[in-house]
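A structural walkthrough
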Amino acid sequence: MGLGGCIILIAAGAILTFATNWEMEGVNLDLVGIILMIVGLIGVTTFSSIARRRRVVVPPATPVIDEERPHSRRDGYSDGYGM
């Protein structure tokens, strides 16, 4: 379940708990709403902790610099001047 599903659970639980006055025989809708809100909060905290672990900062690799090697040919054209 993603972050959106957890937020929907919290919203549905809040609606059942605070915005309705329905009464069903054998079911306490206030308790069901509170349970949905708790499950949604647990989901949000779990999702955020997993997302935080995925964001591992990896330092960039340092480039390897080869030392300059002397040119093997010295005919005048290998240094770029043509003389």
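The present account deals with the structure reproduced in this document. All figures in this text were calculated on a predicted structure; none of them were measured in a lab. (Residues numbered from 1 in each chain as written. Predicted model: local features only at pLDDT ≥ 70, side-chain atom pairs only at ≥ 80, totals over all residues. Heavy atoms only, no water.)

1. Looking at the overall build of the chain
For clarity, the threshold we go by: For the purposes of this entry, the term helix denotes a DSSP run of H or I that reaches at least four residues, the term strand denotes a run of E that reaches at least two, and both are numbered from the N terminus. Accessible area is worked out with a 1.4 Å probe on protein chains only. A residue is then buried under 20% of its type maximum, exposed over 50%, and partly exposed in between. Any two residues having at least one pair of non-hydrogen atoms within 4.5 Å are treated as being in contact. Values of accessible area rely on a 1.4 Å probe in the Shrake-Rupley scheme; residue burial ignores everything except the protein chains shown.
Scanning the chain from N- to C-terminus turns up 2 helices and 0 strands. Put simply, the chain has 83 residues, and 16% of those count as buried. A separation of at least 24 residues holds for 47% of the contacts in the chain among residues at least 6 apart in sequence. Carbon and sulfur atoms form 63% of the exposed surface of the chain, whose accessible area is close to 7500 Å².

2. Regarding helix α1 (residues 3–19)
The condition that has to hold: One less than the number of residues in a helix, times 1.5 Å, gives the span that helix is expected to have. To be clear, the arc concerns the directions from the helix axis to the C-beta atoms.
Between its first and last C-alpha atoms α1 spans 23 Å; for 17 residues at 1.5 Å apiece the expected length is 24 Å, and the two agree. Residues C6, L9, G13, L16 and T17 constitute the buried set of α1. Angular distribution of buried residues about the axis of α1 spans 95°; they occupy a single face of the element. Summarising the geometry of α1, the exposed residues directed more than 90 degrees from the buried face are I8, F18 and A19.

3. Topic: the side chain of T17
Inclusion rule: We call two N or O atoms a polar contact when they sit within 3.5 Å, provided that within protein one can donate a hydrogen and the other can accept it, with sequence-adjacent residues counted only if both atoms are side-chain atoms.
With respect to the helices and strands, T17 occurs in helix α1. Polar side-chain contacts of T17 include one of 3.4 Å to the backbone oxygen of D30. A distance of 3.3 Å separates the side chain of T17 from the backbone nitrogen of I34, its partner in a polar contact. Leave out the neighbours within four places in its chain, and T17 touches D30, G33, I34 and M37.

4. What about the environment of G40?
Tracing the chain through its elements places G40 in helix α2 (residues 29–54). Along the backbone, G40 and A11 are 29 residues apart, and their C-alpha atoms lie at a distance of 8.7 Å. Non-local contacts of G40, meaning those with residues more than four positions away in its chain, are made with C6, L9 and I10.

5. A closer look at a nonpolar patch on the surface
This is how it is decided: A residue counts toward a patch only above 30% relative accessible area and without a salt bridge, and it is joined to like-charged neighbours within 9 Å or, for Val, Leu, Ile, Met, Phe, Trp and Tyr, to nonpolar neighbours within 5 Å. Only one rule defines a salt bridge in this text: a Lys or Arg side-chain nitrogen within 4 Å of an Asp or Glu carboxyl oxygen.
On the surface, L3, I7 and F47 cluster together into a nonpolar patch covering about 250 Å² of accessible area. Mapped onto the fold, F47 is located in helix α2. The exposure class assigned to F47 is partly exposed, which follows from its relative accessible area of 34%.

6. Notes on the environment of I38
If you trace the backbone, I38 turns up in helix α2. Given the relative accessible area of 46%, I38 is considered partly exposed. Taking C-alpha positions, I38 is 8.8 Å from L9, a pair spaced 29 residues apart along the chain.

Everything listed here is a matter of coordinates, which is why it stays silent on function.
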